[in-house]
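# Descriptive structure summary
Here is how the chains run, residue by residue.
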Amino acid sequence: MSTKHPKDKFYEQIFKVFGVRFMGNGLLTDRNYDHWHKQRRIMDPAFSRPYLMGLMGTFNEKVEELMEQLNEIADKKTEVNMHTLLNRMTLDVIAKVAFDMDLNALHDDQTPFPRAILMAMKGLVEIRNPLVYFMPSKKKMIQEVRDSIHLLRKTGKECIERRQKMVQDGVEVPTDILTQILRGAALEEDYDIEIMIDNFVTFFIAGQETTANQLAFAVQELSRHPKILQKVQAEVDEVIGSRRDIEYDDLGKLQYLSQVLKETLRLYPPAPGTSRLLEDDILVEGVLIPKGTPVVVNTYVTGRMEQFFHDPLIFDPDRFSRDSPKPYFTYFPFSLGPRSCIGQVFAQMEAKVVMAKLLQRFEFQLVEGHTFKIQDTGTLRPMDGTRCHLRVREKQ
Ligand code: HEM
């Protein structure tokens, strides 16, 4: 929580992956407090409540495109990999909202971006093994990781240059994340396009993968808890009825759905940990941890400890009801303190719009043999991809 302890040196491994600049000195990886603080202050307006409220139209529109696709799948009675589609939809959302780009990943099977993000993230996992460079079997993977990062950065560069030209030509531009990235870079002493590209890549990835994973995990858990599903469906029916668009005011009324999403993050936090390098000695429960020690805290671990959560492996959204005691520094899926997730409210607004529309319109059933296993691809995601069958709900 304290700004005194910088992020651990581990974050330097995300600066470059396999020799290629990846997230560089972007908001997530910046270890210098003063530099980071300047960046964060500039970025904040793109995450203010009034600005986020204005995104409800885009959230509704993009999620509606997903619903249309799910309708077709339900009609054909074919199996669907929900995680894949959720991933593509959240990518379309972040591209539009943050960078005013129409990626159309949901409909374009050939789009290279989901694979590029997957491979870049895979690189983060693979570099944990110092021998990876010497393993012939990894050569192809390393090249694909490099190519993927090049593609993401090239896309970022083109997007930034397009926007710079619009600004020069006096064309009106939205106050989106890209505008804030440009403003932040303009304040740098050494004006450098690379740092803008760092932030493009940071938001392109951080703003998408995590939300898709949370949603896929939520679908999984609801599929195996019919009573919880019924209760959350009833809430959606009461608050939204058969309305097509979800309003900002509806989100606050979907209290039980919030609890379902929070409980999902307790058991399945897509970004489970954070780490700091101790600037001073600290004493924890009588144990001295010396200055210079890297300290990792992990919400996946604390979230599954009996000491903090009764029957921790049971999925129970009532743990987060208004009357229940709040977890005390034992639940932090968005991290805590000044370096916590800037996109937390954005992500949960988007997640609620997706879940509300999905629950309003569909019943879903996981395919037989679904394992519920978790895969670590830099973020945690469902290993089986949440493959299921859909049916249009009869009564809405
Ligand atoms: C369910 C969705 C999400 C989860 C679980 C999540 C989780 C987290 C966590 C745990 C951190 C701290 C990482 C660390 O300490 O290393 C973080 C930071 C960050 N997240 Fe998220 N995130 C989510 C969605 C988003 C979205 C939608 C955006 C952008 C639109 C975003 C942008 C960022 C950025 C830029 C940071 C770095 C903040 C800073 O250091 O100032 N995240 N997120």
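Here goes a summary of the coordinates provided. Predicted, not measured: the structure shown is a model, and the values here were computed from it.

The subject of this paragraph is the coordination of the iron atom of the ligand. Protein coordination of the iron atom of the ligand is limited to a single donor, Cys341 (SG), positioned at 2.3 Å. Relative to the elements of secondary structure, Cys341 occurs in the loop between helix 14 (299-303) and helix 15 (344-361).

Let us now look at the environment of Arg153. Checked against the element boundaries, Arg153 lands in helix 7 (residues 139-168). On the basis of relative accessible area, Arg153 is assigned to the buried category, the value being 9%. Note: C-alpha distance between Arg153 and Gly123 (30 residues apart in sequence) is 15 Å. With residues near it in sequence (within four places) discarded, Arg153 still touches Arg21, Phe22, Glu194, Ile197, Asp198 and Val201. There is a polar contact of 2.8 Å between the side chain of Arg153 and the side chain of Glu194.

A few words now on helix 2 (residues 33-43). At 3.6 residues per turn, the α-helix brings residues three or four places apart onto the same side. Buried residues of helix 2: His35, Trp36, Gln39, Arg40, Ile42 and Met43, and no others. Taken around the axis of helix 2, the buried residues stretch over an arc of 165°, which confines them to a single face. Opposite its buried face, helix 2 presents the exposed residues Asp34 and Arg41, each directed more than 90 degrees away. Summarising the contacts, the buried residues of helix 2 are in contact with helix 8 (177-186) and helix 9 (193-206). The opening residue of helix 2, the one whose side-chain oxygen lies 3.1 Å from the backbone nitrogen of Asp34, is Asn32.

Attention shifts here to the site of the ligand. Within the structure, the ligand sits among 28 residues, and Tyr11, Trp36, Arg40, Thr274 and Cys341 are positioned closest to it. Interatomic distance of 2.5 Å between a side-chain N/O atom of Tyr11 and an oxygen atom of the ligand. Between the ligand and the protein, one listed contact pairs an oxygen atom with a side-chain N or O atom of Thr274 at 2.5 Å. Elements that contribute at least two residues to the shell around the ligand include exactly helix 2, helix 9, helix 10 (209-223) and helix 15. The class makeup of the residues in the shell around the ligand is 16 nonpolar, nine polar and three charged.

Attention now goes to the packing of helix 13 (residues 255-267) against helix 15. One can describe the packing of helix 13 onto helix 15 by two numbers: an axis separation of 10 Å at closest approach and a directional angle of 115°. The pairing of helix 13 with helix 15 is recorded here as roughly perpendicular in orientation. The handedness of the crossing between helix 13 and helix 15 is right-handed. In this structure, helix 13 uses Leu257, Ser258, Leu261 and Leu265 to contact helix 15, whose residues at the interface are Gln348, Ala351, Lys352, Met355, Ala356 and Leu359. Considering only residue class, the contact of helix 13 with helix 15 consists of seven nonpolar, two polar and one charged.

So, on to the side chain of His35. Residue placement: His35 occurs in helix 2. The class for His35 is buried, based on a relative accessible area of 17%. Polar contacts involving the side chain of His35 include one to the side chain of Asp30, which spans 2.5 Å. Those residues in contact with His35 that sit more than four places away from it in its chain are Asn25, Asp30, Glu188 and Ile195.

Let us look at the pattern of salt bridges. Overall, the coordinates contain 30 salt bridges when judged by the stated rule. For Arg361, the salt bridge goes to Glu64, with nearest N and O atoms at 2.7 Å. Separated by 297 residues along the polypeptide, Arg361 in helix 15 and Glu64 in helix 4 (residues 56-76) bring together distant segments of the chain. Across the pair Asp176 and Arg163 runs a salt bridge whose closest N-O atoms are separated by 2.8 Å. Of this pair, Asp176 sits in the loop between helix 7 and helix 8 while Arg163 is found in helix 7, placing the two residues 13 residues apart along the sequence. Residue Asp176 shares its accessibility class with Arg163, and that shared class is buried. Taken together, the shared-partner salt bridges in this structure form one network comprising Glu64, Arg244, Asp245, Lys357 and Arg361.

Interhelical geometry of helix 4 versus helix 15 gives an angle of 35° and a closest axis separation of 10 Å. As for how helix 4 packs across helix 15, the hand of that crossing is right-handed. Across the interface between the two elements, Met56, Phe59, Asn60, Val63, Glu64, Met67 and Leu70 from helix 4 touch Phe346, Met349, Glu350, Val353, Val354, Lys357, Leu358 and Arg361 from helix 15. Looking at the contact of helix 4 with helix 15 residue by residue, the class counts come to ten nonpolar, one polar and four charged.

On to the sheet that holds strand 11 (residues 387-392). Strand order in the open sheet made by the three strands is 3-11-8, with antiparallel pairing throughout. At either margin of the open sheet sits one strand with a lone partner, and together these are strand 3 (80-81) and strand 8 (362-366). Judged from the two bridges that link them, strand 3 and strand 11 form a sheet pairing that is antiparallel. Within the sheet, the bridge partner assigned to Val80 lies in strand 11 and is Cys388.

How each quantity is defined
Residues numbered from 1 in each chain as written. Predicted model: local features only at pLDDT ≥ 70, side-chain atom pairs only at ≥ 80, totals over all residues. Heavy atoms only, no water. Donors = N, O, S within 2.8 Å, 3.2 Å for Na, K, Ca; no water. Helix = DSSP H or I, 4+ residues; strand = E, 2+ residues; numbered from the N terminus. Buried < 20%, exposed > 50% of the residue type's maximum accessible area, 1.4 Å probe, protein only. Contact = heavy atoms within 4.5 Å. Polar contact = N/O pair within 3.5 Å; in protein donor to acceptor, adjacent residues only side chain to side chain. Arc of directions from axis to C-beta. Near = heavy atom within 4 Å. Nonpolar A, V, L, I, M, F, W, Y, C, P; charged D, E, K, R; others polar. Axes fitted to C-alpha atoms, helices over the stretch in contact; angles between N-to-C directions. Parallel < 35°, antiparallel > 145°, perpendicular 65-115°, else oblique. Left-handed = near helix turned anticlockwise from the far one by under 90°. Salt bridge = Lys/Arg side-chain N within 4 Å of Asp/Glu carboxyl O. Pairing = 2+ DSSP bridges.

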